[in-house]
Amino acid sequence: YGGMGLDFSYNIAVAKEMGNIRCGGVPLAIGVQVVMATSALTRFGSDELKKEFLAPSIAGDLVACLGVSETEAGSDVASIKTTAVRKGDEYVINGGKMWTTSGCQADWMCLLANTSEGPPHRNKSLICLPMNLPGIHIAKKIDKLGLRSSDTAQIFFEDVRVPCKNLIGEEGVGFTYQMLQFQEERLWAAANMLTQLEILLQETIDYTRQRRAFGRPVLHNQAVHFRLAELATELELLRSLLHRAVDLYVEGNDVTKFASMAKLKVGRLSRELTDWCLQFWGGMGFTNEVLVSRLYRDLRVGSIGGGTDEIMLSIICKHMETLPRK
C-alpha cells in the first residue's frame, strides 16, 4: 500500500530520529499518523479500506486522527459513550471525542464507538470515518500547556452516517484492536522522548560547563555533577528496556508489560529530568528562548497521554508473575 514492508523496529528507529526535532508537537503528529490512527487498519482492515484510507495516508495525501478519548473516558477506554447504531447498510454515529490530536485538520478518523449493548470490552468497533460528513462538528481547538504546534480538537457527532463497509475487522472486537495499538504507541513514545531527553541532558551539561558561579563552572559542583550522572544512568536503563521490548515484539511476543514499563518510565523520567535541567539552567531556563523550557511543557503529557502512569502501573501489576513463597 505504498510502504516499505519493514518490521516495527524501523518505526522505532524513525521515532528516535524524530526526537531530534526541537519540540514535541511535530513528532506527535507524525506518530499519530504512523502508529496510532493507521495501526488497526493496517492489521485488520479490508483491502478496500486500505486502498481508500491507508495508501493515501502513507503517501501523505490524507491526514488521519484517532477518536478514542472522550470528556469522561480518557485512559478508561471501556467507558466511552459514543455509539454507532447499524441501520441498513450504514452506521449512525452520535456522541463526541476529546483530546483528538490532528482533529482540526484530519481527513479521516479511526473511530472507536459502541456498536452494541453488550459487555463494555466486547461491544466496541473501529470505523474509518471521513471527517467531511454531515453531522461532524469540530467544537474547538484546545488551548494546551505544551505541544502548541500540534492541534488538539474536541469533536461532536450528530446522526453521522457512514457505510458499514468502513468497519475495521470484526464488529465488537474494537476494544481488543485498540489495546494492541496502544503497545506500539507506547513504544513509539518511549523511543521519541528518549532522544529528546538525551539531547536536553547533553545541552545542560554543556551549559553548566560554560556557566560560572562563585568563580567556577556550575558543573563542577558535586551536587550538579552527580545528579546529571544519575539522570544519564536512568536514560541508559530506559534505552535497554526499550530495545528489549522492541526485539521481543518483532519476534511476535506479547510485550504489554514491557511496553507499559517503558511508557511509565519515560513519562516519569521526562518530568524528573526536565525539572532538574531547568533548575540547573537557572533564570535562563525559565525563558522561552531555550529548549529546556519547551520540553518541560511538551513532555509533561508523557505521563498522561496514551494511558496515565496509574494505568501503566495497574497493567504492570496484572502481568507480574506470582512471587515464589519462602
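Source: prediction; values computed, not measured. (Residues numbered from 1 in each chain as written. Predicted model: local features only at pLDDT ≥ 70, side-chain atom pairs only at ≥ 80, totals over all residues. Heavy atoms only, no water.)

## Digging into the overall build of the protein
- A tally of regular secondary structure across the protein gives 9 helices and 10 strands.
- The C-alpha atoms of the protein give a radius of gyration of 21 Å, which matches the 20 Å a tight globule of 326 residues would have.
- Expressed as lengths along the three principal axes of its C-alpha atoms, the size of the protein is roughly 80 × 55 × 40 Å.
- Per-residue burial over the protein gives 50% buried out of 326 residues.
- In the protein, once contacts between residues fewer than 6 apart in sequence are set aside, the share between residues at least 24 apart is 74%.
- Across the protein, the 36 positively charged side chains and the 37 negatively charged ones have centroids separated by 6 Å. (Helix = DSSP H or I, 4+ residues; strand = E, 2+ residues; numbered from the N terminus. Rg over C-alpha atoms; globule rule 2.2 N^0.38 Å. Buried < 20%, exposed > 50% of the residue type's maximum accessible area, 1.4 Å probe, protein only. Contact = heavy atoms within 4.5 Å. Lys, Arg positive; Asp, Glu negative; His and termini not counted. Charge placed at Lys NZ, Arg CZ, Asp CG, Glu CD.)

## Points about the packing of aromatic side chains
- For the structure shown, the criterion picks out 5 aromatic pairs.
- Aromatic pair Tyr 207 and Trp 281: ring centres 4.0 Å apart, planes at 5°, arrangement stacked. Of the two residues, Tyr 207 sits in helix 5 (residues 174–210) while Trp 281 sits in helix 7 (residues 256–281), which places them 74 residues apart along the sequence. The exposure classification of Tyr 207 matches that of Trp 281, with both residues buried. (Phe/Tyr/Trp six-rings, centres within 6.5 Å; stacked < 30°, edge-to-face > 60°.)

## Some thoughts on unusual backbone geometry
- Of note, the phi angle at Trp 99 is positive, near 60°, even though the residue is not glycine.
- On the secondary structure map, Trp 99 appears in strand 3 (residues 90–101).
- A positive phi angle, close to 50°, is found at Leu 147, a residue other than glycine.
- Examined against the element boundaries, Leu 147 turns out to sit in the loop between strand 6 (136–141) and strand 7 (152–163).
- With relative accessibility at 9%, the residue Leu 147 sits in the buried group.

## Notes on the packing of helix 7 against helix 9 (residues 309–318)
- Viewed as axis vectors pointing N to C, helix 7 and helix 9 meet at an angle of 150°, and their least axial separation amounts to 9 Å. When the axes of helix 7 and helix 9 are compared, the pair comes out roughly antiparallel. For the crossing formed where helix 7 meets helix 9, the hand is left-handed. On helix 9, the residues that touch Thr 256, Lys 257, Ser 260, Met 261, Lys 263, Leu 264, Arg 268 and Arg 271 of helix 7 are Asp 309, Met 312, Leu 313, Ile 315 and Ile 316. (Axes fitted to C-alpha atoms, helices over the stretch in contact; angles between N-to-C directions. Parallel < 35°, antiparallel > 145°, perpendicular 65-115°, else oblique. Left-handed = near helix turned anticlockwise from the far one by under 90°.)

## Some words on the layout of surface pockets
- Roughly 790 Å³ of volume is contained in the second largest pocket.
- What lines the second largest pocket is a set of 26 residues, among which Gly 3, Leu 6, Asn 11, Val 34 and Ile 58 lie closest to the centre.
- Elements that contribute at least two residues to the lining of the second largest pocket include exactly helix 1 (8–17), helix 2 (25–36), helix 3 (39–44) and helix 4 (47–59). (1 Å grid on protein atoms, 1.4 Å probe; cavity = no way out; pocket = protein on both sides within 12 Å on 5 of 7 lines; lining within 4 Å. Points joined across faces, edges and corners; volume = space filled by probe spheres on them.)

## With respect to the UniProt feature "domain: Acyl-CoA dehydrogenase/oxidase N-terminal" (unreviewed entry) in the protein
- Under the feature "domain: Acyl-CoA dehydrogenase/oxidase N-terminal" (unreviewed entry), the UniProt entry names residues 1–61.
- As a span, residues 1–61 carries 67% helix and 0% strand, and end to end its C-alpha atoms are 13 Å apart. (UniProt positions renumbered as here; feature names shortened; annotations may be inferred.)

## Brief notes about the pattern of salt bridges
- Following the criterion strictly, the structure yields 18 salt bridges and no others.
- Notably, a salt bridge pairs Arg 268 with Asp 309, separated by 3.6 Å at the nearest N-O pair. With Arg 268 in helix 7 and Asp 309 in helix 9, the pair connects residues that are 41 residues apart, well separated along the chain.
- A salt bridge links Arg 271 to Asp 309, with the nearest nitrogen and oxygen atoms 3.1 Å apart. Residue Arg 271 is located in helix 7, and its partner Asp 309 is located in helix 9; the two are separated by 38 residues in the primary sequence.
- On the accessibility criterion, Arg 271 (36% relative accessible area) is partly exposed.
- Through salt bridges with shared partners, a single ionic network connects Glu 48, Glu 52 and Lys 165. (Salt bridge = Lys/Arg side-chain N within 4 Å of Asp/Glu carboxyl O.)

## Structural notes on the pairing of strand 2 (residues 83–87)
- In terms of strand pairing, strand 2 meets strand 3 through 5 bridges, oriented antiparallel. When the sheet's bridge partners are listed, Val 85 is paired in strand 3 with Val 92.
- From the end of strand 2 to the start of strand 3, which pair antiparallel, there are 2 residues, and Gly 88 there has a positive phi angle of about 65°. (Pairing = 2+ DSSP bridges.)

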